[in-house]
Amino acid sequence: MESPRISFYNEIKRNKRNSFLLISVVLLILLALVYAISAVVSREYTFIILIIGTIVSLLYVVISYYKSADIAIKSVGAKKASKSQFPMYHSLVEGIALASGLPKPKLYVMEEKQINAFASGRDPKNAVICMTTGALAKLDKQELEGVIAHEMSHIANYDIRFMTLTAVLVGLISIISQIFLRSLWYGGGSGGGKDKSKVIFLIIAIVLAILSPILVALVQLAISRKREYAADSTAVKFMRTPTGLQSALKKIQHNSEPQKKVPDAVSSLFLAKPSKSKEWFMTHPPLSKRIAKLDRM
Amino acid sequence: MNIWIWVAIIVVVVMILMFLYYYNSFITLLQRIKNSKSQITVQLKKRSDLVPNLVNMVKGYMKHEKSVLTEVTNARASMMKAKGFEGKVKAGNQLQDALKSLFAVSESYPDLKASQNFLQLQTEVAAIEDKVAYARQYYNDSILSYNTMTQKVPGMWFAGIYGFKKQDYFEIPEEEKAAPKVQF
């Protein structure tokens, strides 16, 4: 039992490092994008636009980082789960909190027939867990505990911080490129294409505006799929048995309730992918692969 | 000549950083052990606080099971008196066994089993049982990572310098988690 414990802490370190790397890369892309855009819009005010753009972006990132849990909760329309109404939910979370040494997160419920759940927040002290009403109704005690252990693993591994950051940054980049691409329809480059360097910048800006959201999203998704396996195995470490989580995943597999549309930015936070999409754009590995991996634990 | 001064400075800085890092790691791990111990005692206390209510409620139904009830009451009394972490855990185990036999006996009292209050107390005790098991699991994990740190190179050297000793592995069995599950 010694090595998994150690790798568990390595997981956290790697996640913190990844978070840092991701922010730096995205900020660089962002600066390049803002610079290219400002060069196109107006050469004279490039510097001012750059500064204002950076300040606004940073404000956006900082605010959404600190409000991330609230935003995620509000965007899916979840409500606080009271202790009197959901005593088992609370008691199971308290148990896993003890097993993992984490503080108890805030608990929420969202109205949804499909079995699903997600965790969010910027660190274990400011974490939330949200269950669908379907999960609370259809899973038995052990399965529910398995799902909770999986979500608590996302919290313990600092996945929630990483996911929150990526969601925020992906959102920011796509907002900027949207604004820019749309503004091209209306204004066009003021002053026409006399300036050669302006044309080059225009091309760079367009390419960046189109490519950067896709690139960042692909990186985010690839990492997020790996994270699901890691969270499954950490959950087994907390529970000391894979049975609960495994049978919960099987139930999701056989459940054919249609899922409500969930905003893209939060879809990677969920236990199982909430939308049907092509493999590259999947936030989660296929359920059958996850069940098979749990079999080998 | 200048190069050697730089090398010396870098070596000293790295050494200082390592000393700080290992000291902080040991403190963090010790803190974790302390925390896990207090979590266990909190849960044990919660369980023993449920006992008077439970005994009062059961007394009326179980006229012929005096010995089971006194066993529970005694176990709780020794739990209250128990000193130190080890003593409390031992008393907690005793109380757990006593409660187990109480719930086993209760199976033959349909009136009691039909009581809403009793059912609620039973679920509460079972939930605490699970939490005790999880808290123990965390305690065992914490001791393990601390001891691993004191025994592996280079943590071993720093443990020697700072005087952090391997903690006695007061192993608490984990298998009890599977024990009294309430069936409906």
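Residues numbered from 1 in each chain as written. Chains lettered and ligands numbered in written order. Predicted model: local features only at pLDDT ≥ 70, side-chain atom pairs only at ≥ 80, totals over all residues.

**Examining the overall build of chain A**
- Helix and strand content of chain A: 11 helices and 4 strands.
- With 297 residues in all, chain A has 43% of them scored as buried.
- Here the analysis covers contacts within chain A between residues at least 6 apart in sequence; of these, 74% occur between residues at least 24 apart. (Helix = DSSP H or I, 4+ residues; strand = E, 2+ residues; numbered from the N terminus. Buried ≥ 20, exposed ≤ 12 C-beta atoms within 10 Å, placed from the backbone. Contact = placed C-beta atoms within 7 Å.)

**A closer look at the overall build of chain B**
- When helices and strands are tallied, chain B shows 6 helices and 0 strands.
- A compact globule built from 184 residues should have a C-alpha radius of gyration of about 16 Å, whereas chain B, at 24 Å, is more than 25% larger.
- For chain B, the C-alpha atoms occupy an extent of roughly 90 × 30 × 20 Å along the three principal directions.
- Counting across all 184 residues of chain B, residues that qualify as buried make up 27%.
- In chain B, the proportion of contacts linking residues at least 24 apart, taken out of those at least 6 apart, comes to 76%. (Rg over C-alpha atoms; globule rule 2.2 N^0.38 Å.)

**Brief notes about the pairing of strand β4 (residues 127–132) of chain A**
Residues and elements named next belong to chain A.
- In terms of burial, β4 is largely enclosed, as 6 of its 6 residues are buried.
- On β4, burial covers both faces: A127, I129 and M131 on one face and V128, C130 and T132 on the other are all buried.
- The pairing of strand β2 (residues 106–110) with β4 spans 5 bridges and is parallel. Across the sheet, V109 pairs through a bridge with M131, a residue of β4.
- Across 5 bridges, strand β3 (residues 117–121) lies against β4 in antiparallel orientation. Across the sheet, the residue bridging to A117 is M131, located in β4. (Pairing = 2+ DSSP bridges.)

**Comments concerning the sheet that holds β2(A)**
Residue and element names in this part refer to chain A.
- Strand order across the open sheet formed by 4 strands is β1-β2-β4-β3, with mixed pairing between neighbours. The sheet terminates laterally at β1 (79–80) and β3, the two strands that pair on one side only.
- Packing against the sheet, helix α6 (residues 141–156) makes contact with β3 and β4, and its axis sits at approximately 25 degrees to β3. (Axes fitted to C-alpha atoms, helices over the stretch in contact; angles between N-to-C directions.)

**Looking at the packing of helix α9 (residues 243–254) of chain A against helix α11 (residues 287–295) of chain A**
Residues and elements named next belong to chain A.
- At their nearest, the axes of α9 and α11 sit 10 Å apart, and the two run at 160 degrees to each other. In terms of orientation, α9 lies roughly antiparallel with respect to α11. The two elements α9 and α11 meet at a crossing, and its hand is left-handed. Residues L245, Q246, L249, K250, I252 and Q253 of α9 form the contact with α11, whose participating residues are L287, R290, I291 and L294.
- When grouped by side-chain class, the residues that make up the contact of α9 with α11 number 6 nonpolar, 2 polar and 2 charged. (Parallel < 35°, antiparallel > 145°, perpendicular 65-115°, else oblique. Left-handed = near helix turned anticlockwise from the far one by under 90°. Nonpolar A, V, L, I, M, F, W, Y, C, P; charged D, E, K, R; others polar.)

**Quick word on the interface of chain B and chain A**
- Counting from both sides, the interface comprises 15 residues of chain B and, opposite them, 11 residues of chain A.
- Of the residues forming the side of chain B that touches chain A, the biggest block, 11 residues, is contributed by helix α5 (residues 116–151) of chain B.

**Description of the pairing of β3(A)**
All names here are of chain A.
- Extensive coverage of β3 is indicated by the burial of 5 of its 5 residues.
- Burial of β3 is two-sided: the residues A117, A119 and G121 facing one way and the residues F118 and S120 facing the other way are all buried.
- In textbook terms, the turn of a hairpin is the stretch between consecutive antiparallel strands, and for β3 and β4 this stretch comprises 5 residues.

**Thoughts on the confidence of the model for chain B**
Residue and element names in this part refer to chain B.
- Residues at a pLDDT of 70 or more form 91% of chain B, whose mean pLDDT is 86.
- Mean pLDDT across the elements of chain B bottoms out in helix α4 (residues 110–114) (86) and peaks in helix α1 (residues 2–59) (91).
- Counting interchain partners and residues more than four positions distant, the pLDDT-below-50 stretch residues 176–184 has 14 contacts.
- For this predicted complex, the interface confidence comes out at an ipTM of 0.77, alongside a pTM of 0.77. (pLDDT = per-residue confidence, 0-100.)

**Details of the nonpolar core**
- The biggest cluster of nonpolar side chains holds 104 residues, and the ones touching the most others in it are A:A36, A:I96, A:A117, A:C130, A:V147, A:I148 and A:A205.
- Setting aside chain neighbours within four positions, we find A:I148 in contact with A:L92, A:V93, A:I96 and A:I129. (Core = buried A, V, L, I, M, F, W, Y, C linked by C-beta atoms within 7 Å.)

**Things to note about helix α2 (residues 66–81) of chain B**
All names here are of chain B.
- The first and last C-alpha atoms of α2 sit 23 Å apart over 16 residues, in line with the 22 Å expected at 1.5 Å per residue.
- Where α2 is concerned, the buried positions are V72, A75, R76 and M79. Looking straight down α2, one finds that the buried residues subtend no more than 95 degrees of arc, so they occupy a single side. Away from its buried face, by an angle of more than 90 degrees, α2 presents the exposed residues K66, S67, T70, M80 and K81.
- Lining the buried residues of α2 we find α1 and α3 (84–106). (Expected span 1.5 Å × (residues − 1). Arc of directions from axis to C-beta.)

**Observations regarding unusual backbone geometry**
- That bond from B:V153 to B:P154 is cis: its omega, 5 degrees, falls within 30 degrees of zero.
- Mapped onto the secondary structure, B:P154 falls in the loop between α5 and α6 (155–162).
- Unlike most non-glycine residues, A:Y158 shows phi in positive territory, near 65 degrees.

**Re the packing of helix α4 (residues 87–100) of chain A against α5(B)**
- Relative to each other, α4(A) and α5(B) sit at 20 degrees, their axes nearing to 7 Å. By the angle between their directions, the pair α4(A) and α5(B) is classed as roughly parallel. In this structure, α4(A) crosses over α5(B), and the sense of that crossing is right-handed. Seen from α4(A), the contacting residues are A:S91, A:E94, A:G95, A:I96, A:L98 and A:A99; seen from α5(B), they are B:A127, B:D130, B:K131, B:Y134, B:A135, B:Q137 and B:Y138.
- Class assignment for the residues of the contact of α4(A) with α5(B) results in 7 nonpolar, 3 polar and 3 charged.

**Quick notes on the environment of A:A32**
Residues and elements named next belong to chain A.
- Mapping A32 onto the fold places it in helix α1 (residues 2–41).
- A residue is classified by how many C-beta atoms lie within 10 Å of it, and A32, with 14 of them, is partly exposed.
- Considering only alpha carbons, one finds A32 and Y158, 126 residues apart in sequence, at a separation of 29 Å.

**Side note on the environment of A:R17**
- You can see A:R17 is positioned in helix α1.
- For the pair formed by A:R17 and A:F162, sequence separation is 145 residues and the distance between their alpha carbons is 9.6 Å.

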